[in-house]
Amino acid sequence: QWYFDEDGDLSALDGKTVGIFGYGNQGRSQALNMRDAGVNVIVGSRSDASADKSKEDGFETLPLSDAAEKADIIFMLVPDEVMPAVYAEHIAPNLQPGNVVNFASGYNVHFKKIVPQTDVDVIMLAPRMVGQGVRDTVVAGVGFPSLVAVHQDASGNAQNTLIALAKAIGSTKMGVIESSFEEETIADLFNEHFGFLHAVRQGVEVLVEKGVSYEAAILELYASGEMREIGQYFVDHGLFEQLKLHSRTSAFGQLAWVRPNEAAEKASKDHLRGVIDKIKDGTFADKWDEVQKDQMKEFAQTEADLKAQPFWQEEIKLYKRLGRL
Ligand code: NDP
């Protein structure tokens, strides 16, 4: 189900104070959009560069706990990996029955890293748009899509609040779609785990194996910017319709010539099924917790191992030559 501007009633927010926790990519844009829509917005921030920015933008800016005490509707917009600690220290102790807690990602609630008390509404307003785009598309009058969900409806009014907030951040202009914390989490992580980076890496490695230089392979597969252009075609025209913008030779090559056979298609889909299973059963989330608790050693080691490979070194050389590093 989709919801549009006519489905949202901003009077559901009358007399309410929205607290933005994390004045970063999403926080700043959502705060500015809501203020333009007439919503009373304050910002909760540790004393940092973001706090200076929110003051400069004219928002009342308070320490996190003070803002949590004052706000009726809490927007959790700090990075996902620090969110459980921020919630436990500053938000939970200051929540009142009837407050609303809103997330822009289902991750921490779905994996029970945050379990809000039962007498507050818990909702999700997850823009499918980068932070700056959340502001720019609204200023341009088009808006952006979001996935929305109610996880806990203590007040009996959570759905109305959710759609009103979706309207206030400017998302119902394009439309928001009913989802769930689980669906948003799985789709969002899958996008990252899909293997795009490794597909490009393998492409370069095989080209090099077959006698193409690193420079030519890297330029061809991503450094030239052609990929960015094609990505924009995907966004603007769709995966299949964009083929019309290519030469017929290119379209035939993309669509038909390299079509995987049944066995290859099954093998790659089986791999992706395994990736989703590990997201769904919490294996990835547990692993990520473990890595963070271990001072990110495995993350650093993986990067170091890759960096020792000729590919990464060749990329650095090329990018220095191109004046990009
Ligand atoms: P950012 O990294 O841009 O913003 C983080 C903000 O939180 C900054 O103001 C930062 O302040 C502050 N912050 C960082 N660490 C702490 C801490 N320990 N205590 C208090 N404040 C802290 O986050 P995003 O806007 O990218 O993400 C916010 C949420 O939005 C996440 O749940 C994310 O999944 C979701 N989301 C993000 C999208 C995106 O495109 N970025 C798209 C859709 C959803 P400073 O750095 O100044 O210290």
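Values in this document were obtained by computation on a predicted structure and should not be read as measured data.

(A) Molecular detail of the overall build of the chain. Helix and strand counts for the chain stand at 16 helices and nine strands. Residues classed as buried in the chain amount to 38% of the 325 residues present. Once local pairs closer than 6 in sequence are excluded, the contacts in the chain between residues at least 24 apart make up 64%. Accessible surface, the chain as shown: approximately 18300 Å² in total, 54% of it carbon and sulfur. Within the chain, the 49 negative side-chain charges are centred at a point lying 6 Å from the centre of the 32 positive side-chain charges.

(B) Just the site of the ligand, in detail. Surveying the vicinity of the ligand reveals 22 residues, the closest of which are Asn 25, Gln 26, Asp 48, Ser 50 and Asp 80. Interatomic distance of 3.1 Å between a backbone N/O atom of Tyr 23 and an oxygen atom of the ligand. In the environment of the ligand, an oxygen atom lies 2.7 Å from a nitrogen or oxygen atom belonging to the side chain of Asp 80. Protein contacts shield 75% of the accessible area of the ligand, which totals 910 Å² for the unbound molecule. Elements represented by at least two residues in the shell around the ligand include exactly helix 1 (25-36) and helix 4 (83-91).

(C) Quick look at a nonpolar patch on the surface. A grouping of Phe 234, Val 235, Leu 239, Phe 240 and Leu 255 is seen on the molecular surface, where their side chains present a nonpolar patch of about 540 Å² in accessible area. Examined against the element boundaries, Leu 255 turns out to sit in helix 12 (residues 248-257).

(D) Up close: the packing of helix 15 (residues 297-307) against helix 16 (residues 310-321). In the contact formed by helix 15 and helix 16, the axes pass within 6 Å of each other and the chain directions differ by 75°. By the criterion of interaxial angle, the relationship of helix 15 to helix 16 is roughly perpendicular. Residue-level contacts link Glu 303, Leu 306 and Lys 307 of helix 15 to Trp 312, Gln 313 and Ile 316 of helix 16. In the contact of helix 15 with helix 16, the residues fall into three nonpolar, one polar and two charged.

(E) Quick peek at the nonpolar core. Val 18, Ile 20, Met 34, Phe 75 and Leu 165 are the most contacted members of the largest nonpolar core, which totals 31 residues. Contributions of two or more residues to this core are made by strand 2 (17-21), helix 1, strand 3 (40-44), strand 5 (73-76), strand 7 (121-127) and helix 7 (158-168). Considering every element that reaches this core, the biggest residue donor is helix 7, with seven residues. The residues contacting Met 34, other than those within four sequence positions of it, are Val 18, Ile 20, Val 39, Val 41, Phe 75, Leu 165, Ala 168 and Ile 169.

Calculation criteria
Residues numbered from 1 in each chain as written. Predicted model: local features only at pLDDT ≥ 70, side-chain atom pairs only at ≥ 80, totals over all residues. Heavy atoms only, no water. Helix = DSSP H or I, 4+ residues; strand = E, 2+ residues; numbered from the N terminus. Buried < 20%, exposed > 50% of the residue type's maximum accessible area, 1.4 Å probe, protein only. Contact = heavy atoms within 4.5 Å. Areas by Shrake-Rupley, 256 points an atom, 1.4 Å probe, with all protein chains shown as cover. Lys, Arg positive; Asp, Glu negative; His and termini not counted. Charge placed at Lys NZ, Arg CZ, Asp CG, Glu CD. Near = heavy atom within 4 Å. Polar contact = N/O pair within 3.5 Å; in protein donor to acceptor, adjacent residues only side chain to side chain. Patch = residues over 30% accessible without salt bridge, like charges linked within 9 Å, V, L, I, M, F, W, Y side chains within 5 Å. Salt bridge = Lys/Arg side-chain N within 4 Å of Asp/Glu carboxyl O. Axes fitted to C-alpha atoms, helices over the stretch in contact; angles between N-to-C directions. Parallel < 35°, antiparallel > 145°, perpendicular 65-115°, else oblique. Nonpolar A, V, L, I, M, F, W, Y, C, P; charged D, E, K, R; others polar. Core = buried A, V, L, I, M, F, W, Y, C linked by side-chain atoms within 4.5 Å.

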